[in-house]
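What follows is each chain in one-letter form.
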Amino acid sequence: MGELAALFAPERVAVVGATDREGSVGRAITENLLADFEGTVVPVNPKREEVLGRPCVSSLAEADADLAVVVVPPSVAVEVVREAGENGIDNVVVITAGFGETGSDGAAREEELRAVAEEYGLNLVGPNSLGVLSTRRGMNATFGPDNALAGNMSFMSQSGAFITAVLDWANDQGIGFKDVVSLGNKAVLDEADFVNEWGDDPETDVIIGYLEGIEEGRQFIDTAREVTKDTPVVLVKSGRTDAGAQAASSHTGTLAGSEQAYETGLDQAGVIRADSVQELFDAARVLESQPLPDNDNVAIITNAGGPGVMSTDAVGDSRLGMASFSEETLDAFSKSLPEEGNIYNPVDIVGDADNERFAEALDVALADENVGCALVLSCPTAVLDYEQLARDTVTLQKEHDKPVAACFMGGARVDEAAGVLGEAGIPNYFDPARAIEGLDALVRFKELSTREYDDPTTFDVDREAAREILGRAAERDEPRLGVEAMDLLDAYGIPTPEGGIATDPTEALDLAQPIEGDVVMKIVSPDILHKSDIGGVRVGVPNEEVYDAYEDLITRARNYQPDAEILGVQVQEMVDLDSGVETIVGMNRDPQFGPLMMFGLGGIFVEVLEDTTFRVAPVTETEAAEMTGEIDAAPLLRGARGRDPVDVDTVAETIQRLSQLVTDFPAILELDINPLVAMPDGAQAVDVRLTVDLDELERPAEPTESETDKPLTEPDQ
């Protein structure tokens, strides 16, 4: 166990605000602790001599506890936490509400609470928490109505009410837990802390959770990546829709990040995301108890044709494949099954199949090395004993050591069989699709646990030049920059066409003359976003027409928007679009995860086709290469219908360099390179647009990690 071990395994728990008053939270927590806790419960209440038969102490100074559960009004809760720190109690659970979720006064109180916890180095859960629970010590320090059954899942939730509902349901289903924590407002400890703790816990086989928001997205990604090498993490993240995100914000004070950022960040973290409570436990139950498959192919053994087809459809929607049986397996099925049966996958052993035929078919299938896992799918008949089928399934799963899911369809007659399966760790599902989803979670975790993560490449860039270019926005008090920021890309080694910005027609001609061939000319104005719509772009301008083209573009811009700020006209080398593919590389800064990088098909198709893929920065070489292959238009990049393949390596490097730029400069809120023209011999950023946070620009610059890692002196050559 890690640093939070004592939080879940204390010897003495002090309940500050313990009382015997009916209906009070202080009474509920004290009763829950007294019911099962193996350690000592110390009620703390200066107004009472005893609570529920246990002598009270008047303060934490007298409690000699290693965990304090705080159930006092918010006006005094911070001082109680301070008292805990002063008396060496490192673990504190603040049940009390009335903090950041209630408005500005509560937010100030929560900030004070956070400062006290930092001052004393406290492991603090909450505030606004249901509490914590650990079945290994019989500790139920929550005000929920029920304790949990023992198991090997550890569970965190941002909603206390969700915990009470899940525990009530799980107790009926026979599903147990190791540790449970209600995160509350996450003033100190958050989801990353518990993922890290349970990842080091040999008694936690699966980490599950319900989250409404993740405060430090990048930290969570880095933490979960390490943990999911060995321990699966399955989460329900609510707020997937705009309406849901707003509800989450008002419910817990969480500022919801964009759904795309969460989808991307959780995938990069190696987390299996569930869309519902049912999916959460369907995945968790099989991950907790079943071995990982050697391959992704499933065999389906069934006595019912219709459900067999349903399960086959579900396989088509998953990462699984239908196993192709060996000739030896097919021969065995041919000998053992009736003529009307089906020896191919799904294996239909026919409706009159008895237990012996079921067991023999499952044994043959699991023995085939092409089979990674199996589904036993049965409908009730007069000749089939479900309980015996369950025992046979358990025996054969152990014998072959391959993952098996069961779908024993029916009502009350399934209960005993499901109990036999459950005790052996084989989940039973009524719906074949759910059974396939459970097996799919094993394949997903196998893929995630074997991922290899490389470190981001640090390129040699001109950071000072970039800072100076961004500073121009602050000088103009203008948060938007356009092609006037092309030098920003040059500073980070992102290739751009030859050219520059002219402020008069003579300068435009001077810029055009060294460029071979005709040029492109564009009006430069932060106030005119769609330049082509107003005739603000001229393509294929020969040298002799550059002077007049400059004056024409300026006139058009002034007529279109007289009050627009006109910075000049960009004169740029023409890029051969016919031999290249227009792509887009962009970034949007998410409140929780930071820079969210985008790559996709660019030009005029961006908003129409939305053929894009995302990663949270910093983006590694492997991730950048994956991005170039994930879009639907990837065949265009690699050569399709006689086209030459483009320089995908340069595109991937551009993604990485832009990732470094936006990581180095938190003031950049949005940035689009559109198009980045990918060609057979390289790539060029033709246009750029970005938005900056002027307040962030004015703050003193902090050195990046790459700068602080540099030696103070150059090594000897």
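Computed from a predicted structure; not experimentally measured. (Residues numbered from 1 in each chain as written. Predicted model: local features only at pLDDT ≥ 70, side-chain atom pairs only at ≥ 80, totals over all residues. Heavy atoms only, no water.)

Draft legend 1. Region of interest: the overall build of the protein. Helices and strands together make up the secondary structure of the protein, namely 26 helices and 30 strands. For the protein, the spread of C-alpha atoms along the principal axes amounts to about 90 × 80 × 60 Å. Residues counted as buried form 53% of the 717 residues belonging to the protein. When the accessible surface of the protein is split by element, carbon and sulfur atoms take 45% of a total near 30700 Å². (Helix = DSSP H or I, 4+ residues; strand = E, 2+ residues; numbered from the N terminus. Buried < 20%, exposed > 50% of the residue type's maximum accessible area, 1.4 Å probe, protein only. Areas by Shrake-Rupley, 256 points an atom, 1.4 Å probe, with all protein chains shown as cover.)

Draft legend 2. Up close: the packing of aromatic side chains. Taken as a whole and assessed by the stated rule, the structure comprises 12 aromatic pairs. Ring centres of Phe 8 and Phe 194 lie 6.1 Å apart, and the angle between their planes is 70 degrees; on these two criteria the pair is classed as edge-to-face. Taken together, the residues Phe 8 in helix H1 (residues 5-8) and Phe 194 in helix H6 (residues 191-199) connect sequence positions 186 residues apart. The pair Phe 8 / Phe 194 is uniform in exposure class, with both members buried. Put simply, the rings of Phe 155, Phe 162, Trp 169, Phe 177, Tyr 210 and Phe 281 touch in pairs and so form one group of aromatic residues. For Arg 109, the ring lying beneath its charged end belongs to Phe 99, and the centroid distance is 6.0 Å. A cation over an aromatic ring shows up here: Arg 413 above the ring of Tyr 386, its NZ or CZ 5.4 Å from the ring centre. (Phe/Tyr/Trp six-rings, centres within 6.5 Å; stacked < 30°, edge-to-face > 60°. Lys NZ or Arg CZ within 6 Å of the ring centre and 35° of its normal.)

Draft legend 3. Spatial organisation of helix H7 (residues 217-227). Of all 11 residues that make up H7, eight are buried, and the element is covered over most of its length. Where H7 is buried, its residues contact H6, strand S12 (206-211), strand S13 (233-237), helix H9 (259-268), strand S27 (612-616) and helix H22 (621-630). (Contact = heavy atoms within 4.5 Å.)

Draft legend 4. Spotlight on the packing of helix H11 (residues 305-316) against helix H16 (residues 432-449). With their axes 8 Å apart at the nearest point, H11 and H16 run at an angle of 40 degrees to one another. In this structure, H11 crosses over H16, and the sense of that crossing is right-handed. From H11, Pro 307, Met 310, Ser 311, Ala 314 and Val 315 reach across to H16, where they touch Pro 432, Ala 433 and Ile 436. Among the residues making up the contact of H11 with H16, the classes are represented as seven nonpolar, one polar and no charged. (Axes fitted to C-alpha atoms, helices over the stretch in contact; angles between N-to-C directions. Left-handed = near helix turned anticlockwise from the far one by under 90°. Nonpolar A, V, L, I, M, F, W, Y, C, P; charged D, E, K, R; others polar.)

Draft legend 5. Spotlight on the sheet that holds strand S1 (residues 12-16). The five strands are arranged S2-S1-S5-S6-S7 in an open sheet whose pairing can be described as parallel. Since the sheet does not close on itself, it has two edges, and those belong to strand S2 (40-44) and strand S7 (123-125), each with one partner. Recorded for the sheet is a direction-independent mean angle of 20 degrees between the axes of neighbouring strands. (Pairing = 2+ DSSP bridges.)

Draft legend 6. Looking closely at unusual backbone geometry. A cis amide bond links Ala 617 to the next residue, Pro 618, at an omega of 5 degrees. Mapped onto the elements, Pro 618 comes out in the loop between S27 and H22. Each neighbour pair has its own omega, and for Asn 674 with Pro 675 the value is 5 degrees, a cis peptide bond. Structurally, the position occupied by Pro 675 is in strand S28 (residues 668-679). Of note, the phi angle at Asn 128 is positive, near 60 degrees, even though the residue is not glycine.

Draft legend 7. Layout of helix H19 (residues 505-512). For H19, the full list of buried residues reads Pro 505, Ala 508 and Ala 512. Down the axis of H19, the buried side of the element spans an arc of 55 degrees, and every buried residue falls inside it. Looking at the buried residues of H19, the elements they touch are strand S21 (499-502), strand S22 (519-524), helix H20 (543-560) and strand S24 (568-573). The N-cap of H19, judged by a side-chain oxygen 3.1 Å from the amide nitrogen of Thr 506 a few residues on, is Asp 504. (Arc of directions from axis to C-beta. Polar contact = N/O pair within 3.5 Å; in protein donor to acceptor, adjacent residues only side chain to side chain.)

Draft legend 8. A look at the sheet that holds S22. Taking strand neighbours across the sheet as the criterion, the four strands line up as S21-S24-S22-S23 in an open arrangement whose pairing is antiparallel. For this open sheet the edge positions go to S21 and strand S23 (537-541), each flanked by a neighbour on one side alone. On average, adjacent strands in this sheet sit at an angle of 20 degrees to one another, irrespective of strand direction. Pairing analysis gives three bridges linking S22 to S23, with the strands arranged antiparallel. Across the sheet, Val 519 pairs through a bridge with Val 541, a residue of S23.

Draft legend 9. Local environment of the pairing of S2. Counting buried positions over the five residues of S2 gives four, a clear majority of the element. Examined bridge by bridge, S1 and S2 share five bridges and lie parallel to one another. When the sheet's bridge partners are listed, Ala 14 is paired in S2 with Val 42. Crossover S1 to S2 through helix H2 (residues 25-36) is right-handed. (Right-handed = clockwise from strand over helix to strand, strands pointing away.)

Draft legend 10. Here's a closer look at a negative patch on the surface. A surface patch of negative charge is lined by Asp 518, Glu 544, Glu 545, Asp 548 and Glu 551. Inspection of the secondary structure assignment puts Asp 518 in the loop between H19 and S22. (Patch = residues over 30% accessible without salt bridge, like charges linked within 9 Å, V, L, I, M, F, W, Y side chains within 5 Å. Salt bridge = Lys/Arg side-chain N within 4 Å of Asp/Glu carboxyl O. Lys, Arg positive; Asp, Glu negative; His and termini not counted. Charge placed at Lys NZ, Arg CZ, Asp CG, Glu CD.)

Draft legend 11. Layout of the nonpolar core. Of all hydrophobic cores here, the largest spans 50 residues; its most connected members are Leu 33, Val 181, Phe 194 and Phe 220. Setting aside anything within four residues of it in sequence, one finds Phe 220 in contact with Glu 191, Ala 192, Val 195, Ile 214, Leu 235, Leu 266, Ala 269 and Val 271. In this structure, Ala 485, Leu 661, Val 662 and Leu 690 belong to the second largest nonpolar core, which totals 48 residues. (Core = buried A, V, L, I, M, F, W, Y, C linked by side-chain atoms within 4.5 Å.)

Draft legend 12. Structural detail: the environment of Phe 459. Following the sequence through the fold, Phe 459 ends up in the loop between H16 and helix H17 (463-476). Residue classification places Phe 459 among the buried residues on the basis of a relative accessible area of 15%. Separated by 170 residues in sequence, Phe 459 and Gly 629 place their C-alpha atoms 23 Å apart. Apart from residues lying up to four places away in sequence, Phe 459 is in contact with Glu 653, Gln 656, Arg 657 and Gln 660.

Draft legend 13. Local environment of the pattern of salt bridges. All told, the structure shown has 39 salt bridges when counted by the stated rule. Between Glu 22 and Arg 27 there is a salt bridge; the shortest N-O distance is 3.5 Å. What makes Glu 22 exposed here is its relative accessible area of 61%. Judged by its relative accessible area of 16%, Arg 27 is buried. Residues participating in the shared-partner salt-bridge network are Asp 267, Arg 319, Asp 440, Arg 444, Glu 447 and Arg 451.

Draft legend 14. Spatial organisation of the environment of Gly 174. Positionally, Gly 174 belongs in the loop between helix H5 (160-173) and strand S11 (179-182). The sequence separation of Gly 174 and Gly 88 amounts to 86 residues, and the corresponding C-alpha distance is 39 Å.

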